[in-house]
Amino acid sequence: MINITLPDGSVRQYEAGVTAYDVAASISQGLAKAVISAEVNGEVVDLSLPINKDASLKLLKFDDPNGKKTFWHSSAHLMAEALEFYYPGVKFWVGPPVDNGFYYDVDLGDNKLSAEDLEKVEKKMKELAAQDNKYTRSEMPKAEAVKYFTEKGDEYKLDLLHNLNDGEITFYTQGKFTDLCRGPHIPSTGFIKAIKLTNIAGAYWKGDEKNKQLTRIYGITYPKQQQLDEYVNMLEEAKKRDHRLLGKELEIFTFDDEVGPGLPLWLPKGGALIEKLEALAKKNEQEQGYVRVKSPHIAKDSLYIRSGHLPYYAESMFPPMEMEGHKYYLKAMNCPHHHKIFGATPKSYRDMPLRFAEYGTCYRYEQSGELFGLMRVRSLQMNDAHIYCTKEQFEEEFMKVNDLYVKYFKIFGIDKYQMRFSTHAPEKLGQKYINNPEMWQQTEDMVRKVLQKSGLPFVEVADEAAFYGPKIDIQIWSAIGREFTIATNQVDFAQAERFDLSFTNDKNEKERPLIIHRAPLSTHERFIGFLLEHYAGKFPLWLSPEQVAILPISEKFNDYGKEVRDSLKKLGIEATLDERPEKIGRKIRDTEIRKVPYMLVVGEKEMNDKAVAIRRQGQGDQGTKPLTDFIAQIQQEIAEYK
Ligand SMILES: [Zn+2]
Ligand SMILES: [Zn+2]
């Protein structure tokens with residue numbers, strides 16, 4: 001008999017060789033029907049894989065992130081089967097799951113896919129799904145597999161095989177389709193009830209433009225039709241709120257060919273938005289005892305070798321500049337600089353915790369094909385901070401970071417959010433993860449405890465931690481239900497060692513600090529991109545880059561308009577004056593397009609009474625008030641983040 005430990009800590013006994021499916025069925029038939037794959041000791045596997053030793057087991061349904069991955073990757077196989085039906089001889093590269101669905105990179109030879117072809121393939125997929133074919137796993141010796149694909153002339157699979165060892169070569173078959181694949185997969189195609197192929201794009205083999213261009217076909221599938229319908233509706237709404245369109249229309253940001261792709265230029269209104277976000281961050285960080293630091297945009301390669309970014313992260317960095325016999329890199333992260341600042345002066349336990357904050361600008365190399373508006377860029381300004389603390393302080397510090405997130409979510413009207421807690425995989429210690437099992441155990445336990453205590457919704461995902469510690473990705477949903485990953489918190493017990501950072505503890509011994517990396521307001525680029533969609537461009541008053549527009553009824557009242565504008569501007573309120581010789585109706589319409597929260601119409605009566613006639617966006621006419629009353633009202637609203 002073996003012991004199977006479930007996520008709630010309960011232990012159940014089974015005969016050796018039991019499968020995850022058997023375990024599910026022994027709990028309830030309903031569960032057995034809903035599970036699609038399983039995590040055994042943190043590794044995602046087929047439900048049918050025999051478990052021969054004591055193990056921890058998590059049964060995965062579609063709503064689990066790893067369940068989704070299995071589901072969508074299996075759907076890529078289903079699409080491949082449909083493609084092979086219509087295009088015999090088609091060759092397949094890789095078909096991974098992505099954030100929303102999956103894709104497969106395929107070599108269709110001389111065939112080109114049209115929108116109609118895509119429909120045809122989608123229809124075939126539905127037919128094949130309904131056959132409820134099982135995904136079955138088989139193994140093959142490497143030599144045999146190489147021979148098979150050599151005869152078939154499939155250079156792609158041969159390339160994949162090249163990196164595999166004998167004994168780890170597995171194939172999966174469903175229906176008439178067989179693919180070289182590591183798995184895991186869902187039990188059968190019948191789980192896939194709703195299918196949509198969404199897009200076709202070109203993709204160079206291995207992302208290298210010197211290689212052949214393959215066809216990348218995207219799709220998404222669900223276990224229920226209703227889930228797909230909701231997803232499609234959401235996409236339509238998202239199109240209307242596309243941050244690239246709104247950003248242009250509202251004059252927030254632009255790109256310029258001579259500046260370069262992925263390098264956004266912030267127009268004055270974008271600049272105003274950024275100032276307000278930074279003011280919010282600085283106020284809260286000040287209240288929580290952060291101190292502000294500043295670091296240069298470049299550093300010698302030696303810094304990044306010490307941090308470990310080089311050579312592992314080199315692909316994501318801009319190529320180096322040579323100067324005075326040294327290589328200099330644009331910084332891709334602020335952390336190494338902050339660690340140097342920590343190490344610059346001796347520290348004692350009385351100094352701890354230390355919280356270094358910087359809205360640091362980083363530069364990352366993204367392939368030009370991957371760039372996307374503000375969401376994927378090459379220069380980014382991050383709401384960064386690093387908290388250096390003792391083990392005893394960790395819980396409280398991490399709790400405070402979480403509180404800050406929740407506070408921001410409230411301010412921005414973000415109702416749905418989730419912490420995605422990524423842990424390590426014990427069998428990958430020393431390779432994917434730094435080899436320090438005790439620290440992994442300790443920090444993961446601490447993070448889990450804080451997450452449970454804080455009551456924040458979270459999911460735990462094995463084998464997705466950072467190299468040097470567990471991480472928490474913060475996922476938020478916009479007003480239309482689209483998911484964004486805005487920020488990542490990391491707990492880091494390795495960098496202190498690499499940078500030889502220490503403080504003197506109360507026993508007069510040197511001790512390494514723990515480091516928390518956090519960026520609740522994300523980068524300006526990603527967060528403003530999110531906010532544009534979230535608010536559909538209608539920023540709340542406190543955040544709006546144009547808070548008040550003053551519209552004189554005729555040119556005669558421009559001077560009074562100026563007086564109103566200047567008294568607002570003196571108080572830091574973003575106010576503009578429309579001095580054009582246009583009719584008031586036209587001025588109001590033009591201002592509405594800019595989604596300005598307040599319009600103040602001024603004419604003879606307002607001028608004589610030192611008053612303003614107020615129009616609130618979305619609410620219309622609000623009557624006339626003395627200017628001083630309006631100012632008091634708007635200041636109050638701004639202070640309350642309305
Ligand atoms: Zn597969
Ligand atoms: Zn960091």
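Please read these numbers as outputs of a predicted model, since none were measured by experiment.

Participant: An account of the overall build of the chain is requested, with residue identities and associated values reported.
Facilitator: A count of helical and extended segments in the chain gives 20 helices and 35 strands. Expressed as a percentage of the 642 residues in the chain, the buried residues total 52%. Taking contacts inside the chain between residues at least 6 apart in sequence as the whole, the part at least 24 apart equals 68%. Of the roughly 30800 Å² of accessible surface on the chain, 49% is carried by carbon and sulfur atoms. Measuring between centres, the 88 positive side-chain charges of the chain sit 2 Å from its 96 negative side-chain charges.

Participant: Quick one: what's the story with the coordination of the zinc ion (ligand 2), residue by residue and with numbers?
Facilitator: For the zinc ion (ligand 2), the full set of protein donor atoms is Cys335 (SG), His386 (NE2) and His517 (ND1), at a range of 2.1 to 2.3 Å. Motif for the zinc ion (ligand 2), donor spacing along one chain: C-x50-H-x130-H. In this pair, Cys335 is assigned in helix H12 (residues 335-343) and His386 in strand E23 (residues 379-389), connecting sequence segments 51 residues apart.

Participant: Outline the coordination of the zinc ion (ligand 1), supporting the account with residue identities and numerical values.
Facilitator: Here the zinc ion (ligand 1) is held by the protein donor atoms His73 (NE2), His77 (NE2), Cys181 (SG) and His185 (NE2), which lie 1.9 to 2.1 Å from it. Around the zinc ion (ligand 1), the 4 donor atoms sit at angles spanning 90 to 125°, and that spread fits a shape best called tetrahedral. For the zinc ion (ligand 1), the single-chain donor residues occur in sequence as H-x3-H-x103-C-x3-H. Separated by 112 residues along the polypeptide, His73 in helix H3 (residues 65-86) and His185 in the loop between strand E13 (177-180) and strand E14 (194-204) bring together distant segments of the chain. Residue classification places His73 among the buried positions, given a relative accessible area of 13%. A relative accessible area of 2% means that His185 is categorised as buried.

Parameters at a glance
- Residues numbered from 1 in each chain as written.
- Chains lettered and ligands numbered in written order.
- Predicted model: local features only at pLDDT ≥ 70, side-chain atom pairs only at ≥ 80, totals over all residues.
- Heavy atoms only, no water.
- Helix = DSSP H or I, 4+ residues; strand = E, 2+ residues; numbered from the N terminus.
- Buried < 20%, exposed > 50% of the residue type's maximum accessible area, 1.4 Å probe, protein only.
- Contact = heavy atoms within 4.5 Å.
- Areas by Shrake-Rupley, 256 points an atom, 1.4 Å probe, with all protein chains shown as cover.
- Lys, Arg positive; Asp, Glu negative; His and termini not counted.
- Charge placed at Lys NZ, Arg CZ, Asp CG, Glu CD.
- Donors = N, O, S within 2.8 Å, 3.2 Å for Na, K, Ca; no water.
- Tetrahedral: all angles 85-135°; square planar, octahedral: opposite > 155°, others 65-115°.

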